[in-house]
Amino acid sequence: MCKYLPPQSIPIPILQKRKGVEVIKKTFFFLLPTDNLQLTTHFIIFAAMAKEVVLSGIRPTGFLHLGNYFGAMRNYVRMQDEYNCYFFVANWHSLTTHPDTKELQTAVHRVIAENVACGLDPEKVSLYVQSDVPEIAELYLYLNMLAYKGELEKTVTFKEKVRLQPDNINAGLLTYPVLQAADILIHRAVKVPVGKDQEQHLEMARNFAQRFNHRYGDVLPEPFAFNYGGELVKILSLDGNGKMSKSENQLNTLYLADSDEMLKKKIMKAKTDGGPETPNSVKPDYIENLFTLMKLVSAEDTLQKFEADFDASSAGNCIIRYGDLKKQLAEDMIKFITPIREKAADIQNNKDLLSKIIKQGADKARESASATLLEVRKAIGMNY
Ligand code: TYM
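*Asks:* What is the right way to read the site of the ligand from this model?
*Replies:* The local shell around the ligand holds 25 residues, among which Gly67, Gly71, Ala72, Val194 and Gly195 are the closest. Where the shell around the ligand is concerned, the elements lending two or more residues are strand 1 (53-58), helix 4 (66-79) and helix 11 (176-185). Here the shell around the ligand is composed, by residue class, of 10 nonpolar, 10 polar and five charged.

*Asks:* I keep staring at unusual backbone geometry and nothing clicks. Help me out?
*Replies:* Among all residues save glycine, negative phi is the norm, and among peptide bonds the norm is trans. Positive phi outside glycine occurs at Arg188, with the angle close to 50 degrees. Turning to its location among the elements, Arg188 is positioned in the loop between helix 11 and strand 4 (191-193). The backbone of Asn280 sits at a positive phi, close to 55 degrees, despite the residue not being glycine. As for its position among the elements, Asn280 is in the loop between helix 13 (260-268) and helix 14 (285-297).

*Asks:* Help me understand helix 4, please; the structure alone is not making it clear to me.
*Replies:* In an α-helix there are 3.6 residues to a turn, and that puts residues three or four apart on one side. Compared with an ideal rise of 1.5 Å per residue, which puts 14 residues at 20 Å, helix 4 spans 19 Å between its outermost C-alpha atoms and is within 8% of the ideal. In the structure, helix 4 departs most strongly from a straight axis at Ala72, where the bend amounts to approximately 40 degrees. Within helix 4, 11 of the 14 residues are buried, which leaves the element mostly enclosed by the surrounding structure. For helix 4, the set of buried residues is Leu66, Gly67, Asn68, Tyr69, Phe70, Gly71, Ala72, Met73, Asn75, Tyr76 and Met79.

*Asks:* How should I be thinking about helix 12 (residues 199-216) in this particular structure?
*Replies:* An ideal rise of 1.5 Å per residue puts 26 Å on 18 residues; helix 12 measures up with 26 Å between its terminal C-alpha atoms. All buried positions along helix 12 are accounted for by His201, Leu202, Met204, Ala205, Phe208, Ala209 and Phe212. Taken down its axis, helix 12 places every buried residue within 160 degrees of arc, on the same side. Elements in contact with the buried residues of helix 12: helix 7 (135-144), helix 11, strand 4 and strand 5 (224-226).

Parameters and conventions
- Residues numbered from 1 in each chain as written.
- Predicted model: local features only at pLDDT ≥ 70, side-chain atom pairs only at ≥ 80, totals over all residues.
- Near = placed C-beta within 6 Å.
- Helix = DSSP H or I, 4+ residues; strand = E, 2+ residues; numbered from the N terminus.
- Nonpolar A, V, L, I, M, F, W, Y, C, P; charged D, E, K, R; others polar.
- Expected span 1.5 Å × (residues − 1).
- Bend = angle between axes of the 7 residues up to and from the residue.
- Buried ≥ 20, exposed ≤ 12 C-beta atoms within 10 Å, placed from the backbone.
- Arc of directions from axis to C-beta.
- Contact = placed C-beta atoms within 7 Å.

Dropping the structure here:
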């Protein structure tokens, strides 16, 4: 009889790539009774029904903001009911840019608390801290042998960090995408909910998986960036200048922990102009950005009203009042963020709950990670 196999350890892409009973038999030869066609068929159905694995992570390098929420966390919450999900706090990654660890524990707890406050259920997903899963570090080591200096140096995020911290161009920074690939591949995840800025890292993770499979045999499925609705999201800072970010341009970033007064202050100070001079004008980036934020947090008819006001503007008769638009946006943003901030603060003050969530998440993550590592070692031939 078939032994129980946890769904996350079934390499579904292998099933999708090479169909047929013989291939299934070959892949699962250690589980299947060789000539029992009926059992084999049951196994195929079971494998096809198994949930796909999802993984994503957030660095604890500052307060989480609206970009993190709409680029990534909103998807996590929807995905938790449909997929086998792993979400984690990337505290090893944070050391590449933030070597001072005085604030790290608080920041890790905050990320966990904010994820739960946004709707993640630690009973449904594995919510863990990266350094609690040492198996990732071993896979990172193997993948490092398949990553080349030239491609790592060309990575956009590496070049950006070199510009920002010329005195600390450490090896961890260079191999950052390799560690990210290990994070993903250790659970054999195929869907990775992330914002637009992570697209290149996902492409690199696919390259490393392909190289591993080519050299050692099919073990690691190729992961893809995911967003409900297709296009990956990039939320701009309030001045429309670059993406919202945890540590840069803080007065133009809306944090999930911002007080009502702070949210209002930031939004009311957002850059605008004298209004459009002709009807149906193209919106400048900073105005478009305010409408984008409104689309995310305001009611549909509110958005329609301001869109119509903008289009109806004409020379000498500008209908739209940006002051009113910002006031409405601030009100709706406060309604959206306040419950998250308050719930996150409660969870963050509950150290017992945090420890329980983190321990439970690590146990589940290690189970899946060690199953992959076993296959990885076997494929490389490091199973003495
Ligand atoms: P990080 O911590 O910078 O961001 C966490 C998530 O938020 C998304 N994001 C945004 N989305 C839209 N607009 C924005 N302005 C914006 N800013 C951030 C990011 O795309 C990300 O999804 N390298 C990753 C952490 C990581 C990871 C992983 C992610 C480590 N290992 C494995 C996925 C899988 C990072 O720095 O995210």
